[in-house]
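Results of the structural survey
Listed below are the residues making up each chain.
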Amino acid sequence: MSYGQGGPQSQWDPWKPQSQQPWNSGSDDGTPDWAALAEASESRNKRRKLLFIAGGALATIAIGTAVAMAVVSANGGDPEAGPSNLPASASLPGSATATPSFAPTSAPPPLDPKAFISSAKKDTAPLSPDTLFPDKQLPVDGTVYKKGPTADTTSCATAAGGTLPKILTANGCTRLMRTTYTDGGIAVTVGVAVFDTAAQATKAKAQTDDRSIVRSLFGKGVKPFCDGAFCRSTRNAYGRYAYFTISGFTSGKDVTTKDTKVFRAGNDLAQFAANQIHRRGQTQASAAANQ
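Structure report, in brief.

Rules behind the numbers
Residues numbered from 1 in each chain as written. Predicted model: local features only at pLDDT ≥ 70, side-chain atom pairs only at ≥ 80, totals over all residues. Heavy atoms only, no water. Buried < 20%, exposed > 50% of the residue type's maximum accessible area, 1.4 Å probe, protein only. Helix = DSSP H or I, 4+ residues; strand = E, 2+ residues; numbered from the N terminus. Pairing = 2+ DSSP bridges. Disulfide = S-S within 2.5 Å. Phe/Tyr/Trp six-rings, centres within 6.5 Å; stacked < 30°, edge-to-face > 60°. Lys NZ or Arg CZ within 6 Å of the ring centre and 35° of its normal. 1 Å grid on protein atoms, 1.4 Å probe; cavity = no way out; pocket = protein on both sides within 12 Å on 5 of 7 lines; lining within 4 Å. Points joined across faces, edges and corners; volume = space filled by probe spheres on them. Nonpolar A, V, L, I, M, F, W, Y, C, P; charged D, E, K, R; others polar. Core = buried A, V, L, I, M, F, W, Y, C linked by side-chain atoms within 4.5 Å. Contact = heavy atoms within 4.5 Å.

A closer look at the pairing of strand β8 (residues 241–249)
Taking burial as the measure, the nine residues of β8 include nine buried ones, the bulk of the element. Direction of pairing for strand β5 (residues 186–194) relative to β8: antiparallel, over a ladder of nine bridges. Residue pairing in the sheet places Val-190 in a bridge with Thr-245 of β8. Pairing analysis gives seven bridges linking strand β7 (residues 232–238) to β8, with the strands arranged antiparallel. When the sheet's bridge partners are listed, Tyr-238 is paired in β8 with Tyr-241. In textbook terms, the turn of a hairpin is the stretch between consecutive antiparallel strands, and for β7 and β8 this stretch comprises two residues, one of which, Gly-239, has a positive phi near 65°.

What about the state of the cysteines?
Taken as a whole and judged by the stated rule, the model has two disulfides. Covalently, Cys-156 is tied to Cys-173 through a disulfide, its sulfur atoms 2.1 Å apart. Across the S-S bond linking Cys-156 and Cys-173, the dihedral sits near -80°, which makes this disulfide left-handed. Here Cys-173 lies in the loop between α4 (164–170) and β4 (175–183) and Cys-156 lies in the loop between β2 (143–153) and β3 (160–162), a separation of 17 residues in the sequence. Take Cys-173: its relative accessible area is 13%, and that puts it in the buried class. In this model Cys-226 forms its disulfide with Cys-231; the gap between the sulfur atoms is 2.0 Å.

Some words on the packing of aromatic side chains
In this description, a pair of aromatic rings is defined by centroid distance and the angle of the planes. Taken as a whole, this structure holds two aromatic pairs when the rule is applied. Measuring from centroid to centroid gives 6.4 Å for Phe-133 and Tyr-181, while their planes differ by 75°, and the two rings are edge-to-face. Of the two residues, Phe-133 sits in the loop between α3 (129–132) and β1 (137–140) while Tyr-181 sits in strand β4, which places them 48 residues apart along the sequence. Residue classification places Phe-133 among the buried residues on the basis of a relative accessible area of 1%. For Tyr-181, a relative accessible area of 1% corresponds to the buried category. Taken together, the aromatic side chains of Phe-133, Tyr-181 and Phe-272 make up a single cluster linked through ring pairs. Seen from the ring of Phe-116, Lys-122 lies directly overhead, with NZ or CZ sitting 4.3 Å from the centre.

Remarks on the layout of surface pockets
By volume, the second largest pocket is sized at about 150 Å³. Around the second largest pocket sit Ala-125, Pro-126, Thr-131, Leu-132, Gln-276, Arg-279, Arg-280 and Thr-283, which together line it. Of the residues assigned to the lining of the second largest pocket, the class counts are three nonpolar, three polar and two charged.

Let's talk about the nonpolar core
Counting residues in hydrophobic clusters, the biggest one holds 25 residues, and the most contacted among them are Phe-133, Leu-138, Tyr-145, Tyr-181, Val-192, Tyr-241 and Leu-269. When near neighbours in sequence (up to four residues on either side) are disregarded, Val-192 contacts Leu-132, Phe-133, Arg-175, Leu-176, Met-177, Tyr-241, Ala-242, Tyr-243 and Ile-277.

Spelled out as structure tokens, the structure:
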């Protein structure tokens, strides 16, 4: 067996783990081949630099791709959420603080009906028992009151009784109108006293008491009532008017607290008087607004 140099020499490659480093170059004297080692080290460093450069380029490309994908995702929105009409980078449409403008209106404020019935200077519409109480029948919650006689006087004290004549005179009452309504054997007289101002009417009402009554009005099919018998009365004021009621039985029987129908009749006619006075103010306010 020959141990000479006729066989192929092994080549050392620093990047192949199984390759062996040649320590000899033709002579085996035990001394390392320093030139070969230096050349191999330099070759290894060059390859490492090339790998760093290539890796850095790949990383830059990857980062750029990630950023681009992020931007596309932000601008594209969620495809499951439907299309978006908002711009990618801007304020919301219409989000500017613009001051709304409104077209001026030429409609005047409504006129107060009470203002027309609070002063004789403004309350100039025709006035009489028939203008205040025009209907011959008055239906209220299933009850139909029938209109009877009417009366009108400028001597207020003559149509009043008890403590009322003095009160009306002292506060300047200029007129007292009366109308009677009936429901079977129950009769109610409504009296409306007229003053020049609302202050006079209010003061007169404040001075009244339970003995301040308007005289009952009968005749024309209405029997006398509340002429010596106990009856029920009411009193109030609205605008330049003070209004009163007296209600009782045409049979002459006294009214007691158990006679709820008499109380109801008096309340119905008192409310009707207030409504008619207010309607008078409404009519005049409407006419003034249309001029």
